[in-house]
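A look at the structure
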Amino acid sequence: MLIVHDLFFSYLQCKYKTYNQLRGRGQKEETTEYEGLQIELCKNYKNKIIQDLTKNSNFYDKEFSVVNHKELKIGKEIIINASFETDKFLSDYLILEKVPEKSKLGIFHYMPIFICKNEKVTRKEKLLFIFNTFVLGKIQGKMPAYAKIFNGEKYKLSKLQPETYLPEVKNIVAEIESLAVSNIEPKFSVNDYCRVCAFCKAYAIEKDDLRLLRGMSTKDVQRWNGKGIFTVEQLSYTFRPRKRGRRMIHYKGKHLFELKALAIREKKIFVYEKPTLPDTKTHIYLDIEGNEANTFHYLIGLVIVDNGNEERYSLWANDQIEEETIIKKFFALCDKYKEYQLFHYGSYERRWLQNIKKKFPKQYDKTVDEMLSHTTNILALVYTNIYFPTYSNELKEIGSYLGFTWSAANASGIQSVVWRTRWEMTNDNAFKEKLLIYNLEDCLALKAITESIIKVSSLDSINNLKNDQEVNWVAEMTVETPYKFGRSPFFFSELDLINKSAYFDYQRDKIFLRTNKRLKSYKKQEQQKKTSLKINKSIYIRSYAKCSYCKSDNLTEAYKYKYVVDLKSLLGLFPAACCARVKL
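A quick note: this is a predicted structure, and the numbers were derived from the prediction, not measured.

With that settled, consider the overall build of the chain. Helices and strands together make up the secondary structure of the chain, namely 20 helices and 19 strands. Of all 584 residues assigned to the chain, the portion counted as buried reaches 40%. For the chain, the share of sequence-separated contacts (at least 6 apart) that also reach a separation of at least 24 residues comes to 59%.

Here you go:
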């Protein structure tokens, strides 16, 4: 088996994807617009560095092909776009720089140069770089002392020590090799990488995998698996509505995945607690768009509903200089209303407001504090109170369930990054228009979800939001328990037959009795107690005039005594010792 660069990268992102790739399973992967953009940006960034490196040096361009041992022995100062292959590994296309130190190539060897356009090099990227360095070391017979990394807008140069990450890289290689021969499938889990890649999600949906429920931790999944629960449908049957009382405090603020699974199975909305929203005349629905690094927020979308009148605003900033201008316009629009409530979905917008205080110290502190007191996070209400029949609580999923549609089929937060970057590269207003529409549609989707929550909070019992959207209240659900008198229905007829043939203490008497010595002794004691003796003989005891031992006729009645010590309450406050003489 050949472990290529892409396979190693897949393992860093998702073990489940790697397992299916090794077996040729899963959805055929197509490059998304976001991935295509990243490849293009990395290529441009890399070309700029190559131009600087090869300006005054003797270099060799391999033109994106595998370099052999003889070509390396030539000893060019710089080798670009070269890949390396051994019997087990295939590297990415690298930039190599010649350094003086002995190896299989001669009195020199090569050191790799890696490119990362981001300001921060992640741990996964470092592991990927060391994997390629590891393959290079196999080819030239010497591991480089370090690798160079160019990253960020200012092309910052740093060094990476292979010894730091090489043991982990070797462990990953061993795990990939074991995955290739193992029949044990790794557990599927939905993570942030799934927003970019949908390689195995369709396969997981087909299996109804428990990890499809967004937000369920690995620890929770293992806990349910330990109980024999592996699918969403199985999990849905474990939900039991709790009685109102002290135990309700235990679930305050907690997301019940069992109830989420039940909502998906029944295709209904379940309300655990009636949500409460502030009653104001003016509702402002807010959505913010920012760059991938979260350092620049260029678009503020607003939908303002005041006494039934709806107004829509899109505040656009061409660059970071104009960011403060749109913030001021946003504050001015909100200041027009005395009583308002600012609705947003998730913590992104609230963090944005808090960061304004850091970005512009003391200028807008009072305004931001006042605004934060009027904010309501709709996602927080949905997370703990309302369970929609969706695998996650994302705006797009719940909005789509409620019937809201977006103009662009691929509309998402990742796609907004693509549109903004394309606009900055080409200055094409078509990308700007797509962003403005997408941002306003997010505000309108938030409005639709908020209005549905308001309607739910006004319902008193089971009712419908629309003709096909039934709402069930958990408080009105009947508590079904298997611990009851009478015949219990069984899903399988075979189990019903076994139940008819069983008796109460079968397990204790027929199974445990054979393996537990203590139970054997208990069984013997029970059998002895149950033995009933019948009267078969009459015995007459006559009184004697003399003692049968000493032959004396002076017979007297004798008694035995013992002292019993007990505790007695004195005036109901303090215990006191009590002693009594008891005749036996």
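Text resumes after the structure shown.
Our next topic: the packing of aromatic side chains. Each aromatic ring pair is summarised here by two numbers: the centre-to-centre distance and the angle between the ring planes. Summed over the entire model, instances satisfying the criterion amount to 18 aromatic pairs. For the pair phenylalanine 64 and tyrosine 93, a centre-to-centre distance of 5.4 Å together with 85° between the ring planes defines the contact as edge-to-face. You can see phenylalanine 64 sitting in strand S2 (residues 59–66) and its partner tyrosine 93 sitting in the loop between strand S4 (89–90) and strand S5 (94–99), a full 29 residues away along the chain. Judged by relative accessible area, which is 34%, tyrosine 93 ranks as partly exposed. Within the aromatic cluster, the residues linked to one another by ring pairs are Phe330, Phe331, Trp352, Phe360 and Tyr364. Over the face of the ring belonging to phenylalanine 108 we find lysine 98, whose NZ or CZ atom lies 4.6 Å from the ring centre. The side chain of arginine 420 reaches across the aromatic face of tyrosine 298, ending 4.3 Å from its centre.

For the rest of this paragraph, the subject is a nonpolar patch on the surface. Together, Phe490, Phe492, Leu495 and Ile498 make up a nonpolar patch on the protein surface, roughly 390 Å² of accessible area in all. Tracing the sequence through the fold places leucine 495 in helix H18 (residues 493–501). Given the relative accessible area of 41%, leucine 495 is considered partly exposed.

What the rule picks out here adds up to 17 salt bridges. Linking lysine 268 and glutamate 266 is a salt bridge whose minimum nitrogen-to-oxygen distance equals 4.0 Å. Given the relative accessible area of 31%, glutamate 266 is considered partly exposed.

Attention now moves to the pairing of S5. Where strand S3 (residues 78–83) meets S5, three bridges bridge the pair, whose relative direction is antiparallel. Within S5, the position partnered with isoleucine 78 by the bridge is glutamate 97. Two strands pair when backbone bridges link them, and S5 and strand S6 (residues 109–116) are joined in this way by five bridges, in the antiparallel orientation. Among the inter-strand pairings, valine 99 is bridged to a residue of S6, identified as histidine 109.

Glancing now at the sheet that holds strand S7 (residues 147–151). Across the sheet, six strands lie side by side as S2-S3-S5-S6-S7-S8; this open sheet has mixed pairing. Looking at the sheet topology across the chains shown, the edges are occupied by S2 and strand S8 (156–160). Averaged over neighbouring strand pairs, the angle between their axes works out to 25° when direction is ignored. Seen against the sheet, helix H3 (residues 33–53) touches S3, S5, S6 and S7 and runs at an angle of roughly 140° to S6. Contacting S5, S6, S7 and S8, helix H5 (residues 123–140) runs over the sheet at an angle of about 160° to S6.

Glancing now at the sheet that holds strand S14 (residues 375–377). Taking strand neighbours across the sheet as the criterion, the five strands line up as S12-S11-S10-S13-S14 in an open arrangement whose pairing is mixed. Of all the strands in the sheet, the pair left with one neighbour each is strand S12 (309–316) and S14. Sheet twist, expressed as the average angle between the axes of neighbouring strands with direction ignored, equals 25°. When strand S10 (residues 282–290) meets strand S11 (residues 297–306), the two strands line up antiparallel, connected through nine bridges. Note on S11: the bridge partner recorded for isoleucine 288 is isoleucine 300.

Moving on: the environment of leucine 72. Summarising the element assignment, leucine 72 is placed in helix H4 (residues 69–73). Separated by 32 residues in sequence, leucine 72 and lysine 104 place their C-alpha atoms 10.0 Å apart. Apart from residues lying up to four places away in sequence, leucine 72 is in contact with Val67, Ile79, Phe84, Leu96, Leu105, Phe108, Tyr110 and Ile139.

The next subject is the packing of helix H12 (residues 348–359) against helix H13 (residues 365–372). One way to put it is that H12 packs onto H13 with a least axis distance of 9 Å and a crossing angle of 160°. The orientation of H12 relative to H13 falls into the category roughly antiparallel. Where H12 crosses over H13, the two elements pack in a sense that is left-handed. Residue-level contacts link Arg350, Leu353, Gln354, Ile356 and Lys357 of H12 to Asp365, Val368, Asp369, Met371 and Leu372 of H13.

Here helix H2 (residues 15–22) crosses helix H6 (residues 162–181) at 50°, and the two axes come no closer than 9 Å. In terms of orientation, H2 lies oblique with respect to H6. Our pair here, H2 against H6, has a crossing hand that is right-handed. When H2 is examined against H6, the residues Lys15, Thr18, Tyr19 and Leu22 are found in contact with a partner set consisting of Glu175, Ile176, Leu179 and Ala180. Its residues assigned to classes, the contact of H2 with H6 comprises five nonpolar, one polar and two charged.

A few words on the environment of isoleucine 288. You can see isoleucine 288 is positioned in strand S10. For isoleucine 288, a relative accessible area of 4% corresponds to the buried category. Measuring from C-alpha to C-alpha, the distance between isoleucine 288 and isoleucine 300 comes to 4.9 Å, with 12 residues separating the pair along the chain. For isoleucine 288, the residues in contact, after removing those within four places along its chain, are His297, Leu299, Ile300, Tyr348, Glu349, Trp352 and Asn439.

Across its 18 residues, H5 extends 26 Å between first and last C-alpha, which sits within 8% of the 26 Å expected from 1.5 Å per residue. Of all 18 residues making up H5, 13 are buried, and the element is well covered by its neighbours.

Even without being a glycine, glutamate 63 presents a positive backbone phi close to 60°. Here glutamate 63 is to be found in strand S2. Located in the positive-phi region is asparagine 81, a residue other than glycine, with phi close to 55°. Looking at the secondary structure, you find asparagine 81 in strand S3.

Let us now look at the pairing of strand S13 (residues 340–344). Most of S13 is tucked away, with five of its five residues classed as buried. Side chains Tyr340, Leu342 and His344 of S13 all project onto a buried face; the interleaved residues Gln341 and Phe343 project onto the opposite face, where all are buried too. Judged from the three bridges that link them, S13 and S14 form a sheet pairing that is parallel. Within S14, the residue paired with phenylalanine 343 across the bridge is threonine 376.

The rules we used
- Residues numbered from 1 in each chain as written.
- Predicted model: local features only at pLDDT ≥ 70, side-chain atom pairs only at ≥ 80, totals over all residues.
- Heavy atoms only, no water.
- Helix = DSSP H or I, 4+ residues; strand = E, 2+ residues; numbered from the N terminus.
- Buried < 20%, exposed > 50% of the residue type's maximum accessible area, 1.4 Å probe, protein only.
- Contact = heavy atoms within 4.5 Å.
- Phe/Tyr/Trp six-rings, centres within 6.5 Å; stacked < 30°, edge-to-face > 60°.
- Lys NZ or Arg CZ within 6 Å of the ring centre and 35° of its normal.
- Patch = residues over 30% accessible without salt bridge, like charges linked within 9 Å, V, L, I, M, F, W, Y side chains within 5 Å.
- Areas by Shrake-Rupley, 256 points an atom, 1.4 Å probe, with all protein chains shown as cover.
- Salt bridge = Lys/Arg side-chain N within 4 Å of Asp/Glu carboxyl O.
- Pairing = 2+ DSSP bridges.
- Axes fitted to C-alpha atoms, helices over the stretch in contact; angles between N-to-C directions.
- Parallel < 35°, antiparallel > 145°, perpendicular 65-115°, else oblique.
- Left-handed = near helix turned anticlockwise from the far one by under 90°.
- Nonpolar A, V, L, I, M, F, W, Y, C, P; charged D, E, K, R; others polar.
- Expected span 1.5 Å × (residues − 1).

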